[in-house]
Amino acid sequence: MFSSNKTRDRIISEDVENGEASRPLLGDHNVVFSVDDDSDEESLAGPSKTEHSVRFQEDVQVIGPPLRSTTASREAEYELDSDEIDDEPEITSTPRGHMSPNMPLIVGLLDSSRRSFDSPLPLNDANGRDLDLEAIAAKRTAGGGLFDSIANMANSILGAGLPYAINQAGFFMGFLLLVVLCGVTDWTINLIVINAKLSGSHTYIEIMNHCFGSSGRAAVSFFQFSFAFGGMCAFGIIIGDTIPHVIRSIFPTLYKIPVLGLLTNRQFVIFLCTTCVSYPLSLYRDIHKLSRASGLALISMVIIVASVLVEGPGVPSILKGDPSMRFSFVNAGIFQAIGVISFAFVCHHNSLLIYGSLRTPTLDRFAQVTHVSTFISLVSCCTLAVSGYVVFTDKTQGNILNNFPSNNTMINVARFCFGLNMFTTLPLELFVCREVIEDYFFPHEDFNPQRHLFFTTTILFSSMTLAMITCDLGVMLEITGGVSATALAFIFPAACYLKLSNQSLPWYSRNRLPAFLCVTFGVIVMTLSLFLALKKSWTKEGEATICM
């Protein structure tokens, strides 16, 4: 027994002396790396070989060093070794490109790196088109962090019309609706990303197409575009209603000065802000690049909330509402309030854009973005809604800033910040409109700069034109906004989840019941909102207001 092992040790020592230390690990046919020395070459091939040469062997089997934990087992194996010295250890070959469970990591690395010696890297995709190496390299550092996505999502949610929702629903019911709908919004935003994972899709349109075919694809495309485009028109109208008013209050005689007087003109200010601020921001391809503008908009929203909170109690008594209605429980306009709150909280149409803009897009990271964004929005909205409603009660307007006198300096600053918020939020909606067109009409085509520029310009200046000629879109905005918001936020995400989840489970199971209730709630709210909007369209209140 011991003689065979002593003979084996003697063979190993002779190999070490001859410079062939790799032989115990690799057979003669498995050389990983060898350098031909001059002295060796002279002895083998004569003086004709004078240069060093390096050669690599393709099929490599590297055996890792023994671990300390295996010492005892190796000693037992030593005792069980046979006395015959001609027993060679059996070397099993692993198919090329596959890793054995016991294979060290270096084998896989060598196998994968062997491509650089055997064949060039493929420079074409599956369709035979050339790959953009610069774009591939840029993807390593593309995307934004959590703060960028939080800023974009929170900016999509915040607004100044929520005190009006509490006026419609009543103080306690309105506050309850704010909290509940914020929680439902948080859940359905994450549900969209879960649906994308379950369906293997990348956009809202692809999810609906996977679940409901071409009809679902057309429906979500229409609702996404109409909601985003209607929001762009509304933002332009708000710019025209706030910025010129602030300029006139600061410079009362400015309108008399030639050229500079244009700064008090509603149409010119809309054109100037849209062209010089919103348009350059809209030309970006990646939504995370708007995070700095969204961060500025969040600061503006803090100023608005603080202004209403501080200046509200000090307004003249003639502007205040009925004190007896401050803490009402429920009012008749509860369904209008649900529509207003849903419209404010909806950011589902750009949720996958925000998810894709993360540098490391995972469900956990996006859940953090959603929770933080909705919490910030809830705190801001509740503070603004409660502080505004308790002062103006039944006189609360759709834009709470319009309840304050025109000569209030701090409120004028808030009005300016609100206008600033609008033309930095407008590009977020344009991203959605452009993405819908690209995904619906050009789903299999590469990015085209000319097409990108054309759609960006056409969509933006179309909404700007509507904002310049109308002061109020009337019932059309309520129909497209209310119906689209309800469908995008409550009906579609939950319906897709019911379609993609385990169909063997009953609808009342723990996993499927919340989605079923969400679909039912959405259908009821959408039906009532549409009915009330159509009823309003028969009155003068529902007509669009033209202001040239």
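None of the values given here were measured: they were computed from a predicted structure.

Student: Is there a simple way to think about the overall build of the protein chain in this case?
Tutor: Counting secondary structure elements, the protein chain contains 19 helices and 4 strands. Looking at the protein chain as a whole, 43% of its 548 residues are labelled buried. Of the accessible surface of the protein chain, which amounts to about 29,500 Å², a share of 63% is contributed by carbon and sulfur atoms.

Student: Looking at this model, I keep getting lost on the packing of aromatic side chains. Mind explaining?
Tutor: Geometry of an aromatic ring pair is reported as the spacing of the ring centres plus the angle between the planes. Enumeration over the complete set of coordinates arrives at 16 aromatic pairs. A centroid spacing of 5.8 Å and a plane angle of 5° characterise the contact between Phe 225 and Phe 229, whose relative ring orientation is stacked. Taken as a pair, Phe 225 and Phe 229 lie in helix α10 (residues 204-250) at a separation of 4 residues, close to a single helical turn. Within the aromatic cluster, the residues linked to one another by ring pairs are Phe 171, Phe 172, Phe 327, Phe 329 and Tyr 389. Over the ring of Phe 447 we find Arg 285; its NZ or CZ atom is 3.6 Å from the centre of that ring. The cationic tip of Arg 451 hangs over the ring face of Phe 442; the distance from NZ or CZ to the ring centre is 4.5 Å.

Student: Even after reading the chapter, I still don't get α10, so can you show me in this structure?
Tutor: Each α-helix turn comprises 3.6 residues. Residues three or four places apart therefore point the same way. Helix length check: α10, at 47 residues, gives a terminal C-alpha distance of 45 Å against a target of 69 Å (1.5 Å per residue), a shortfall beyond 12%. Taken as a whole, α10 carries its principal kink of about 145° at Phe 212.

Student: Help me understand the environment of Ile 250, please; the structure alone is not making it clear to me.
Tutor: Residue position: Ile 250 is located in helix α10. Sequence separation of Ile 250 and Asn 412 is 162 residues, and the distance between their C-alpha atoms is 8.8 Å.

Student: Teacher, can you tell me more about the packing of α10 against helix α17 (residues 449-469) here?
Tutor: Two quantities define a packed helix pair, namely the angle between the axes and the distance from one axis to the other. The geometry of α10 relative to α17 is characterised by a closest axis approach of 8 Å and an angle of 50° between their N-to-C directions. Viewed along their axes, α10 and α17 adopt a mutual orientation that is oblique. Considering how the two elements wind past one another, α10 and α17 form a crossing that is right-handed. On α17, the residues that touch Phe 225, Phe 229, Met 232, Cys 233, Gly 236 and Ile 237 of α10 are Ile 459, Leu 460, Ser 462, Ser 463, Leu 466 and Ala 467.

Student: How should a nonpolar patch on the surface be read in this particular structure?
Tutor: Together, Phe 172, Phe 327, Phe 329 and Val 330 make up an exposed nonpolar region whose accessible area comes to about 440 Å². With respect to the secondary-structure elements, Phe 329 resides in the loop between α12 (291-311) and α13 (334-345). Here Phe 329 falls in the exposed class, since its relative accessible area comes to 56%.

Student: Can you help me understand the pattern of salt bridges in this one?
Tutor: Where charged atoms from two side chains of opposite charge come close, those side chains can pair. Per the stated rule, a full pass over the model turns up 3 salt bridges. The residue Glu 438 makes a salt bridge to Arg 451 at a minimum N-O spacing of 3.2 Å. Here Glu 438, found in helix α16 (residues 409-441), pairs with Arg 451, found in helix α17; they are 13 residues apart in sequence, far enough to count as distant. In this structure, Glu 438 and Arg 451 share a single accessibility class: buried. Between Glu 445 and Arg 451 there is a salt bridge; the shortest N-O distance is 3.3 Å. Since its relative accessible area comes to 11%, Arg 451 is described here as buried. Counted as one network, the salt bridges with shared partners bring together Glu 438, Glu 445 and Arg 451.

Student: Whenever I open this one, α16 confuses me. Can you help?
Tutor: The first and last C-alpha atoms of α16 sit 49 Å apart over 33 residues, in line with the 48 Å expected at 1.5 Å per residue. Counting buried positions along α16 yields 26 of 33 residues, so the element is predominantly enclosed. Of the residues flanking the start of α16, the one acting as N-cap is Asn 408, its side-chain oxygen 3.2 Å from the backbone nitrogen of Met 410.

Student: How should the environment of Ala 219 be read in this particular structure?
Tutor: Tracing the sequence through the fold places Ala 219 in helix α10. On the accessibility criterion, Ala 219 (26% relative accessible area) is partly exposed. Taking C-alpha positions, Ala 219 is 9.8 Å from Ser 484, a pair spaced 265 residues apart along the chain.

The rules behind the values
Residues numbered from 1 in each chain as written. Predicted model: local features only at pLDDT ≥ 70, side-chain atom pairs only at ≥ 80, totals over all residues. Heavy atoms only, no water. Helix = DSSP H or I, 4+ residues; strand = E, 2+ residues; numbered from the N terminus. Buried < 20%, exposed > 50% of the residue type's maximum accessible area, 1.4 Å probe, protein only. Areas by Shrake-Rupley, 256 points an atom, 1.4 Å probe, with all protein chains shown as cover. Phe/Tyr/Trp six-rings, centres within 6.5 Å; stacked < 30°, edge-to-face > 60°. Lys NZ or Arg CZ within 6 Å of the ring centre and 35° of its normal. Expected span 1.5 Å × (residues − 1). Bend = angle between axes of the 7 residues up to and from the residue. Axes fitted to C-alpha atoms, helices over the stretch in contact; angles between N-to-C directions. Parallel < 35°, antiparallel > 145°, perpendicular 65-115°, else oblique. Left-handed = near helix turned anticlockwise from the far one by under 90°. Contact = heavy atoms within 4.5 Å. Patch = residues over 30% accessible without salt bridge, like charges linked within 9 Å, V, L, I, M, F, W, Y side chains within 5 Å. Salt bridge = Lys/Arg side-chain N within 4 Å of Asp/Glu carboxyl O. Polar contact = N/O pair within 3.5 Å; in protein donor to acceptor, adjacent residues only side chain to side chain.

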